[in-house]
Amino acid sequence: MKITTWNVNSLTARLQHVLDWLQANPVDVLCLQELKLTEDKFPLMELAAAGYAHCAVFGQKTYNGVALLSRQPLREVGRNIEGFQDESSRVIAATLDTPAGPLRLVNGYFVNGQAPGTEKFAYKMAWLDGLNRYLAAQLREHPRLVLVGDFNIAPEDRDSYDPEGLRETIHHSTPEREHFRRLLELGLVDGFRLFEQPEKSYTWWDYRMLGYQKNRGLRIDHVLVSQALRSAVQACSIDRTPRKWKQPSDHAPVTVDLALG
DNA sequence: ATGCCTTTTTCAAAAAGA
């Protein structure tokens, strides 16, 4: 069972890339962030024709928006963080039945936060608090859980191209990293770090300053699996291929392979 | 260096991203 997370930076602008990527990588579930479109504009027909007939969408005009694209039916769809009032469409969750039992998928577009000390950063902290409480409850209800998405946090120095120069700036700050650590304390495991990985592995590169060409990137898109799934993880990798295509998203997709019968 | 690129608003210039 392959599950991929990808911030596409507008599904309208990136639909052809998504279709091309899925044709080459027919994963079981694709979790998208930053749709930047409302549900009525979601390309259901094109994705169904590509084999993804079961989509759970939580859209928003211009900003945010998340979706789960699945080959098999999804049930118990949840939107945003229960108990946390949010104007933005940032979380979509659903359950997928597998031969090995139900699998809970939680897909998030975490708050960017702009810069420590700003109002947006305070929103990021409050949102992460809410997410932690929500996930603790989700894990009690669904022990077999995968949390994926654009976390907008580089968890460790090795997840940044310039950890010294960017120390305590956005995505690198201690309070953000503390929140990432708190997610791990819930029993979640960073799927990418279960395996030996190339040095300087990143999932996002700035469009400006030849960021990709110079590999000035950050690893901010993650796949976290619950303890119950840890032994099922077969592989986890970043695919830089679509970042090289014309007019790409600034993020690369990350795929986890789970052995689920 | 309040920059650099990209997308969306909507047709010009601003906001936001990371």
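Below, the structure is looked at part by part. This is a predicted model, so every value here is computed, not measured.

## As for the state of the cysteines
Part 1 of the argument: Counting across every chain of the model gives zero disulfides.
Part 2 of the argument: This cysteine, Cys31, is not joined by any disulfide, and Cys55 carries the nearest cysteine sulfur, 11 Å off.
Part 3 of the argument: By relative accessible area, which is 1% here, Cys31 ends up buried.

## Remarks on the environment of Asp257
Part 1 of the argument: Within the element layout of this structure, Asp257 appears in strand S14 (residues 254-258).
Part 2 of the argument: Counting along the chain gives 71 residues from Asp257 to Leu186, while the straight-line C-alpha distance between them is 22 Å.
Part 3 of the argument: In contact with Asp257, not counting residues within four places along its chain, are Met1, Lys2, Ala232, Val233, Gln234 and Ala235.

## As for the packing of helix H3 (residues 119-141) against helix H4 (residues 174-185)
Part 1 of the argument: Their axes nearest at 10 Å, the elements H3 and H4 cross at an angle of 5°. When the axes of H3 and H4 are compared, the pair comes out roughly parallel. Touching Phe121, Lys124, Met125, Leu128, Asp129, Leu131, Asn132 and Leu135 of H3 are Pro175, Glu176, His179, Arg182 and Leu183, all from H4.
Part 2 of the argument: Residues belonging to the contact of H3 with H4 are distributed by class as follows: seven nonpolar, two polar and four charged.

## Observations concerning the pairing of strand S12 (residues 221-226)
Part 1 of the argument: Most of S12 sits out of view: six of its six residues are buried.
Part 2 of the argument: Burial of the side chains of S12 extends over both faces: Asp221, Val223 and Val225 are buried on one face and His222, Leu224 and Ser226 on the other.
Part 3 of the argument: Looking at chain direction, strand S8 (residues 145-150) and S12 are connected through five bridges and run antiparallel. Bridging from a neighbouring strand, Val146 pairs with Val225 of S12.

Here is what the cut-offs are and how they apply
Residues numbered from 1 in each chain as written. Chains lettered and ligands numbered in written order. Predicted model: local features only at pLDDT ≥ 70, side-chain atom pairs only at ≥ 80, totals over all residues. Heavy atoms only, no water. Disulfide = S-S within 2.5 Å. Buried < 20%, exposed > 50% of the residue type's maximum accessible area, 1.4 Å probe, protein only. Helix = DSSP H or I, 4+ residues; strand = E, 2+ residues; numbered from the N terminus. Contact = heavy atoms within 4.5 Å. Axes fitted to C-alpha atoms, helices over the stretch in contact; angles between N-to-C directions. Parallel < 35°, antiparallel > 145°, perpendicular 65-115°, else oblique. Nonpolar A, V, L, I, M, F, W, Y, C, P; charged D, E, K, R; others polar. Pairing = 2+ DSSP bridges.

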